[in-house]
Amino acid sequence: MRWVKARFDLSPAVRLICFAALLALLGVVPSPARSAPSLNSYVAGSDMRSVSLAPDGRHAAVVRRFSKDSFLLNVIDISGESRVIFSLKDDPDMAIIGVRWVSNTRLVMTIFGRTKISGTDYPYTRMIAMDADGSNQQPLMTEERELRLNLFLSNILSTLPQDNAHILALGYDNGPAIYKVDVYSGAAEQVAKGNSQTIGWRFGDRGEAKLRIDYSKFSRVLKIYAPEGRRWKRILKIRTSDEEEDAIKNRAGLDDSGQVLLLDRKAGSDFIGLHVYDLNSRQLMRTIFEADGYDIDDTIEHPQTGEVIGVTYISDRPQQVYFDPKLQRVQAELERQFPNGIVSIIASSDNLRKHLFYTEAPWRPGSYYIYDAVAPGLLLLGHAVPDFGDRPYTAEVV
């Protein structure tokens, strides 16, 4: 059984923006020179905006700083000797802020800009899909009438691994709505619609809606609905003491067989664990994971499917625990190689050979690497603050 986390951030409404200027940004550019480390360098913000690994592990994509006011998208072939196969520099009026692989050959870039509506300045985000070499660029979700008043159209909920031509994305149509988007034509079909209380959905492998989750801030009641023809039927109502953010996080997963995966304290326990409950009887079915003497802080989700694949908690240091023994061995090996820092796996290839991870330490802002579990080795993708890089911590004794 796969447990899929169901949560998202709602976005306000806005109007459609023209994308023609983006096509003029194509070009290969060099990396900037490094300067000496300074406190200003440390607090200036990350030079790495976004990093993504293709499902087959053959390519990576990064959005890194190019100059003081601009960023650069690099697509890197990491199947052999690493090499950049495509670069795209942004523009002050249209910034590249994110990238995500949606299949082995197609990726989606997020852009940010500002526009004036009735004399008022508004920010906006949009998505543009392209092939790994930058060809076949296609703006997404631009033709649908109800989406023309959306400001932010950049929230991908699922990349639908069983359907490489589509993704699920969040829009707003008098309430939050989910769209199945064709990453080649840009067309979007509305597949589910919520209301002002909707905080998430559960979907099948091909994007079909399975469950809808609503939350009332006033009464702190969580309601779960299942589709019944063209309507939604409420199947569960839970009164909770959680705030909205905790209610979203703690309802870690849902399936359509009548069970829910919760982060909570089971009867007689002093600490939060990950447990399965029956939706109808509300009885504990089984425990997925507990950390002796510590609260589970959150769950880890697969970046492509949303499947719950592990948990996090804080003991003497932040801990990441994976349910798959192969992934857990990779986590242990990376912690061995970076014993004084924190290691977080961001994504893994489908065959669990290549792993994109981030590591940081109190004296080092952080770095992104690719780890190859078959031919053990590390490929550096970039440093959050290049001026510091991998410099070891040293202190003078006085």
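In what follows, the accompanying structure is described.

Reading guide: rules and limits
- Residues numbered from 1 in each chain as written.
- Predicted model: local features only at pLDDT ≥ 70, side-chain atom pairs only at ≥ 80, totals over all residues.
- Heavy atoms only, no water.
- Core = buried A, V, L, I, M, F, W, Y, C linked by side-chain atoms within 4.5 Å.
- Buried < 20%, exposed > 50% of the residue type's maximum accessible area, 1.4 Å probe, protein only.
- Helix = DSSP H or I, 4+ residues; strand = E, 2+ residues; numbered from the N terminus.
- Salt bridge = Lys/Arg side-chain N within 4 Å of Asp/Glu carboxyl O.
- Phe/Tyr/Trp six-rings, centres within 6.5 Å; stacked < 30°, edge-to-face > 60°.
- Pairing = 2+ DSSP bridges.

Focus on the nonpolar core
The tendency in soluble globular proteins is for nonpolar side chains to be buried side by side.
So, point 1. Leu73, Leu88, Trp101, Met109 and Met130 are the most contacted members of the largest nonpolar core, which totals 20 residues.
So, point 2. Of all elements in the fold, only strand S2 (59-67), strand S3 (70-77), strand S4 (83-89), strand S5 (94-101), strand S6 (106-117) and strand S7 (120-131) reach the threshold of two or more residues within this core.
So, point 3. For this core, the element with the most residues is S5, which contributes 4 residues.
So, point 4. The next biggest cluster of nonpolar side chains, apart from the first, holds 16 residues, and it includes Met141, Ile156, Ala177 and Tyr179.

Describing the pattern of salt bridges
So, point 1. Throughout the structure, instances matching the rule amount to 12 salt bridges.
So, point 2. Here Lys180 and Asp163 are joined by a salt bridge, their closest N and O atoms 3.7 Å apart. With Lys180 in strand S11 (residues 176-182) and Asp163 in the loop between strand S9 (156-158) and strand S10 (166-172), the pair connects residues that are 17 residues apart, well separated along the chain.
So, point 3. For Asp163, a relative accessible area of 12% gives the class buried.

Focus: the packing of aromatic side chains
So, point 1. For the structure on display, the rule yields 6 aromatic pairs.
So, point 2. When the ring of Phe357 is compared with that of Tyr369, the centres are 5.5 Å apart and the planes differ by 15 degrees; the resulting orientation is stacked. Of this pair, Phe357 sits in strand S25 (residues 354-361) while Tyr369 is found in strand S26 (residues 364-372), placing the two residues 12 residues apart along the sequence. No difference in accessibility class separates Phe357 from Tyr369, as the two residues are buried.

Let's talk about the pairing of strand S12 (residues 188-193)
So, point 1. Strand direction decides the pairing type here: S11 and S12, joined by 5 bridges, are antiparallel. Among the inter-strand pairings, Ile178 is bridged to a residue of S12, identified as Ala192.
So, point 2. Two successive antiparallel strands, S11 and S12, enclose a turn made up of 5 residues, where Gly186 displays a positive phi of approximately 85 degrees.

Geometric values such as these leave the question of function open.
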